[in-house]
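Chains, contacts and geometry: an overview
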Amino acid sequence: MDAIVSVRNLTKSFGPVRVLQGLDMDFPRGKITSIIGQSGTGKSVLFKNIIGIMTPDEGSILVDGEDIAGLPEGEKRRVRRKFGYAFQDAALFDSMTVGENIAFPLREVLGMKDRKAMQRIVREKLEWIDLPGIEGKFPSELSGGMRKRVGVARTLAVEPDILLFDEPTTGLDPVLSESINALIRRVNEEFGITCIVISHDIIGTFHIAHRIGFLADGAIQAAGDPGEVARAEHPILRKFLQNSFTDLRLDCEDEEEE
Ligand SMILES: Nc1ncnc2c1ncn2[C@@H]1O[C@H](COP(=O)(O)OP(=O)(O)OP(=O)(O)O)[C@@H](O)[C@H]1O
Ligand SMILES: [Mg+2]
């Protein structure tokens, strides 16, 4: 496999709490990989180690073959430019307009100064997420789904090689969740950007991901394409999938009653 990111023996504790205990995972270049697992298992911690804002206790994070875990801060910043990310509680800056939000990383990360060029990129990205012309609006004037899409536009603006999404669909209704999943698919297909997605949305994950890793007890317990993971025998995974599908059935029953 041509992995753009390879995690090896990643170990991370907080005081007595051992969160990751020797985690291995490969993220294939140009594909969508999802990490699934119960709340509190360390998915966001994995994510933060990958982009180098948290330092592993042990292990390595290879990005294009370069181990970022041991790099000095300045070098880390250079590697970090390959990534775009949308955090779990990804907030737009409320005091800035949509346009200013999208232009922010262009200025701060890429050091762009040309206002016209930045405006053009902002316009292009808004068109691309099907929200043309909302540059002047403030985040408070947008719906939750629109804010998430603007968040994606902001990360796309700097043209990253790898985009990480931490719970991109949490808090959205099923229709909006699907539109965000479709957006991730488009990001991957149209720009060839490698996507790493952490998600509670099991059904959506099985639809969009090329590769899935199941995180439990500090390590990846099963990994493979969606079919392989769906069939894997690991007992915690079986229970996790069963619970997710039970939730889905309950949702359907609710709908039938209406
Ligand atoms: N900066 C930190 N300091 C101390 N403990 C932390 C820190 N970050 C995470 N943890 C702990 O690490 C564990 C894993 O947290 P993490 O946020 O990675 O879970 P998660 O799998 O992303 O959960 P969720 O699905 O609810 O987002 C938790 O027990 C959390 O309390
Ligand atoms: Mg999390």
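The notes below deal with the structure included here. Bear in mind that the values here come from a model prediction, so they are computed numbers and not experimental data. (Residues numbered from 1 in each chain as written. Chains lettered and ligands numbered in written order. Predicted model: local features only at pLDDT ≥ 70, side-chain atom pairs only at ≥ 80, totals over all residues.)

Regarding the site of ligand 1
Around ligand 1 sit 12 residues in total, of which Phe14, Ser39, Lys43, Ser44 and Val45 are the nearest. Where the shell around ligand 1 is concerned, the elements lending two or more residues are β2 (17-28) and α1 (43-50). In terms of residues, the shell around ligand 1 owes the most to one element, α1, which gives three residues. Considered class by class, the residues forming the shell around ligand 1 number four nonpolar, seven polar and one charged. (Near = placed C-beta within 6 Å. Helix = DSSP H or I, 4+ residues; strand = E, 2+ residues; numbered from the N terminus. Nonpolar A, V, L, I, M, F, W, Y, C, P; charged D, E, K, R; others polar.)

Observations regarding the pairing of strand β4 (residues 58-63)
Looking at chain direction, strand β1 (residues 3-14) and β4 are connected through five bridges and run antiparallel. Paired with Val5 across the two strands is Val63, which belongs to β4. Bridge count for β4 against strand β5 (residues 66-67) is two bridges, and the pairing is antiparallel. Across the sheet, residue Val63 finds its bridge partner in β5, namely Glu66. Hairpin connection of β4 to β5: two residues between the antiparallel strands, including Asp64 at a positive phi of 50 degrees. (Pairing = 2+ DSSP bridges.)

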